[in-house]
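Descriptive analysis of the structure
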Amino acid sequence: MRMCISCRIRNEQNSMLRLQYIEDKVISYRGYGRSFYICVSCTCNPKKIKGLTKRFKQDEELFVKFLKERK
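What comes next is a walk through the structure. For clarity, every value in this text was computed on a predicted model and none was experimentally measured.

Turning our attention to the packing of aromatic side chains. Summed over all chains, the structure comprises two aromatic pairs. Here Tyr21 and Phe56 contribute two aromatic rings whose centre-to-centre distance is 5.1 Å and whose plane-to-plane angle is 35°, an arrangement assigned as tilted. Of this pair, Tyr21 sits in strand β3 (residues 16-22) while Phe56 sits in helix α2 (residues 46-56), and the two are 35 residues apart along the sequence. Residue class for Tyr21 comes out partly exposed when judged on its relative accessible area of 34%. Measuring from centroid to centroid gives 4.9 Å for Phe36 and Phe56, while their planes differ by 15°, and the two rings are stacked. Remark: Phe56 occurs in helix α2 and Phe36 occurs in strand β5 (residues 36-39); sequence separation between them is 20 residues. On the basis of relative accessibility, which here comes to 11%, the residue Phe36 falls in the buried class. Residue class for Phe56 comes out buried when judged on its relative accessible area of 9%. Its guanidinium or amino end placed over the ring of Tyr29, Arg18 lies 3.8 Å from that ring's centre, counting from NZ or CZ.

Here is what the cut-offs are and how they apply
Residues numbered from 1 in each chain as written. Predicted model: local features only at pLDDT ≥ 70, side-chain atom pairs only at ≥ 80, totals over all residues. Heavy atoms only, no water. Phe/Tyr/Trp six-rings, centres within 6.5 Å; stacked < 30°, edge-to-face > 60°. Helix = DSSP H or I, 4+ residues; strand = E, 2+ residues; numbered from the N terminus. Buried < 20%, exposed > 50% of the residue type's maximum accessible area, 1.4 Å probe, protein only. Lys NZ or Arg CZ within 6 Å of the ring centre and 35° of its normal.

This is the structure:
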């Protein structure tokens, strides 16, 4: 069980996106280092996406495109 950093809901690990924040960029998990999980429902919610882009200081359009590629 893992927790989504956006909505704090616990889900199975394989049903969530695992990402990393390295050098001011959000990327897919590389297999080492610290990471975080985002549930699929938060990747579709515009309000949650806006909060995540502010938290990680990302461009909103690029972040949405990145999340859609990872689904």
